[in-house]
Amino acid sequence: MGLLIPVALIAAGAWRTILSASLSAIATALAGTLAFGTGYWPALAEMMGGHFDVVRASIVNGHHLISPYSGLYAFGLAEPVALAAQWAFTAAGALLVALSWSKPALPFDLRAAALIAAILMSNPYIWHYEAALLAPLALFLIRAGTLRATAPGRAVAALLILGVGPVTLYGLYADITQVPGIPARIAVSPVAALAFLLTASAVWTQYRAAKRAP
């Protein structure tokens, strides 16, 4: 889930934070190696590769996944094509984050919205309960002025805030994989994509305005 946070930190030039995070990661890696030996690393790589193979093999019945990868497959794309499209979305998300966080003149709320929207689109392994991120995304877009008090703006905000619905349903019914009769990946993926496009459009508009400013 934190795949694009380093992109935001580098774009913002948060070098102290990057140094602190790097030292913490190195210390954690050393602790793991000291505790389990050097065989820890190939075992970790093998486990991660095996886990991704399981995800790819279960995509047919993966109604609980809401990533672009799963959504595009649900809408009829072949699995390799859907996965290739997913990596394209990941690259687009990284570009959006880099663009927004490299301009301190952009409102923080818009930059935070860009990071959340990009995270939702960049990870092939997003579960339905992680649709809860759509709710804070909506709040950041409202505070940034991207979602206004108009009928379309309120409709989109309602769709995003209802993203917490799958979380509630899952808590009540542990085997829930559908939202009112519709698989979660079909119900949620288009909403996340819409939020990403709205956020990207707002970032691009304000980025160009900031570049023109003296």
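Below or above, wherever it landed, is the structure these notes cover. All figures in this text were calculated on a predicted structure; none of them were measured in a lab. (Residues numbered from 1 in each chain as written. Predicted model: local features only at pLDDT ≥ 70, side-chain atom pairs only at ≥ 80, totals over all residues. Heavy atoms only, no water.)

1. A look at the packing of aromatic side chains
Enumeration over the complete set of coordinates arrives at 6 aromatic pairs. Measuring from ring centre to ring centre gives 6.1 Å for Trp101 and Phe108, while their planes differ by 90°; the resulting arrangement is edge-to-face. Seen in terms of ring centroids, Phe108 and Phe140 are 6.4 Å apart; in terms of plane orientation they differ by 80°. Their pairing is edge-to-face. Here the residue Phe108 occupies a position in helix α6 (residues 108–122), and Phe140 occupies one in helix α7 (residues 134–143), the gap between them amounting to 32 residues. On the basis of relative accessibility, which here comes to 46%, the residue Phe108 falls in the partly exposed class. Grouped by ring-pair contacts, the aromatic residues Phe36, Tyr40 and Trp41 constitute a single cluster. (Phe/Tyr/Trp six-rings, centres within 6.5 Å; stacked < 30°, edge-to-face > 60°. Helix = DSSP H or I, 4+ residues; strand = E, 2+ residues; numbered from the N terminus. Buried < 20%, exposed > 50% of the residue type's maximum accessible area, 1.4 Å probe, protein only.)

2. Regarding the nonpolar core
Among the nonpolar cores identified, the biggest contains 36 residues, and Val97, Leu115, Leu134, Leu137 and Leu160 are the most heavily contacted of them. Secondary-structure elements contributing two or more residues to this core are α5 (79–101), α6, α7, α8 (151–161) and α10 (184–212). Looking at which element gives the most residues to this core, the answer is α6, with 10 residues. With residues up to four places along the chain from it excluded, the contact list for Leu137 reads Ala113, Ile116, Ala117, Leu120, Ala195 and Thr199. (Core = buried A, V, L, I, M, F, W, Y, C linked by side-chain atoms within 4.5 Å. Contact = heavy atoms within 4.5 Å.)

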